[in-house]
Amino acid sequence: MEVNKEMAEKFRVYKCELCGNIVEVLNAGDGDLVCCGQNMTLLQEKSADSSTEKHVPVIEKTPEGYKVTVGSTLHPMVDNHFIQWIELIADGISYRKYLKPGDAPSAEFCVRANKVSAREYCNVHGLWKS
Ligand SMILES: [Fe+2]
C-alpha cells in the first residue's frame, strides 16, 4: 500500500468537482474513487461555524427520538442555497432525510439510541457534523 494514500472509509463522503456527483462509502475497498476521469474529493466534516451563517447541526432529544436542526440560527432553504440532507447516526446506524428548497432545515428521527451524532450537507458550504 502507498504511504499517505487516502483510504475510502465507511461513512466518508466524496464529491466530483466536475459533475457534482456526491457519494458515500458503504463498503471500503482499496481503490481510489474516480469520476469524470479524476479522483473525487473527500469532503471534510466541518464542526465549527465561523461566519454568521450557522451550519453545525443542533441535536435535540424528543419524546419520539431526535430532532436535528440546521443550525443554531436557521439556515436558508432557497433554490440556489439549501440543506440537501440531514443524517442522524444513532448507535452506528445511519438515518437520512433529504430536503428541498422551501422545506424547514430540520429533520425528526423516531429512534432510540445511546450515542448519536448528526451530519448535514449544504449545497454551497459543504459537509458539517456535530
Ligand atoms: Fe450554507
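Our subject in this report is the structure included herewith. (Residues numbered from 1 in each chain as written. Predicted model: local features only at pLDDT ≥ 70, side-chain atom pairs only at ≥ 80, totals over all residues. Heavy atoms only, no water.)

Comments concerning the pairing of strand β11 (residues 116-122)
Then step 1. Most of β11 is tucked away, with 6 of its 7 residues classed as buried.
Then step 2. When strand β8 (residues 83-90) meets β11, the two strands line up antiparallel, connected through 7 bridges. Residue Ile86 lies in a different strand from β11, and its bridge partner there is Glu120.
Then step 3. Pairing between β11 and strand β12 (residues 126-129): 4 bridges, direction antiparallel. Bridge pairing in β12 places Glu120 opposite Trp128. (Buried < 20%, exposed > 50% of the residue type's maximum accessible area, 1.4 Å probe, protein only. Helix = DSSP H or I, 4+ residues; strand = E, 2+ residues; numbered from the N terminus. Pairing = 2+ DSSP bridges.)

Examining the pairing of strand β9 (residues 93-98)
Then step 1. Pairing between β8 and β9: 6 bridges, direction antiparallel. Following the sheet pairing, Ile89 is matched in β9 by Ser94.
Then step 2. Taken together, β8 and the strand that follows it, β9, pair antiparallel across an intervening segment of 2 residues, in which Asp91 is found at a positive phi of about 50°.

Here we look at the state of the cysteines
Then step 1. Under the defined criterion, the tally for this structure stands at 0 disulfides.
Then step 2. Sulfur of Cys36: no disulfide; nearest cysteine sulfur belongs to Cys19 and is 3.8 Å away. (Disulfide = S-S within 2.5 Å.)

Description of the side chain of Glu87
Then step 1. Looking at the element boundaries, Glu87 is found in strand β8.
Then step 2. At 2.7 Å, the side chain of Glu87 and the side chain of Ser94 are in polar contact.
Then step 3. Here Arg96 takes part through its side chain, which lies 3.3 Å from a polar atom of the side chain of Glu87.
Then step 4. Glu87 has contacts with Phe11, Glu24, Ser94, Tyr95, Arg96, Phe109, Ser117, Ala118 and Arg119, leaving out every residue within four places of it along the chain. (Polar contact = N/O pair within 3.5 Å; in protein donor to acceptor, adjacent residues only side chain to side chain. Contact = heavy atoms within 4.5 Å.)

A short note on the pattern of salt bridges
Then step 1. Considering all chains together, one arrives at 7 salt bridges under this definition.
Then step 2. The partner of Glu24 in a salt bridge is Arg119, with the nearest N and O atoms 3.5 Å apart. Of this pair, Glu24 sits in strand β2 (residues 22-24) while Arg119 sits in strand β11, placing them 95 residues apart in sequence.
Then step 3. What makes Arg119 buried here is its relative accessible area of 1%.
Then step 4. Measuring nitrogen to oxygen at the nearest pair gives 2.7 Å for the salt bridge that ties Glu45 to Arg119. (Salt bridge = Lys/Arg side-chain N within 4 Å of Asp/Glu carboxyl O.)

Considering the sheet that holds strand β1 (residues 13-15)
Then step 1. Spatially, 3 strands are ordered β2-β1-β5 in an open sheet, and the strand pairing comes out antiparallel. Lying at the two open borders of the sheet, with one neighbouring strand each, are β2 and β5 (41-42).
Then step 2. Here 2 bridges tie β1 to β5, and the two strands are oriented antiparallel to one another. By the bridge assignment, Tyr14 is partnered in β5 with Leu42.

Focus on the sheet that holds strand β6 (residues 58-61)
Then step 1. Read across the sheet, 3 strands follow the order β6-β7-β10 without closing on themselves; strand pairing throughout is antiparallel. Here the strands that pair on one side only, and so sit at the sheet edges, are β6 and β10 (106-109). Each strand of the sheet is rotated relative to its neighbour by a mean of 20°, with strand direction disregarded.
Then step 2. Sheet topology note: the strand β7 (residues 66-69)/β10 ladder contains 4 bridges and is antiparallel. Each residue of the ladder has a partner; that of Val68, found in β10, is Ala107. (Axes fitted to C-alpha atoms, helices over the stretch in contact; angles between N-to-C directions.)

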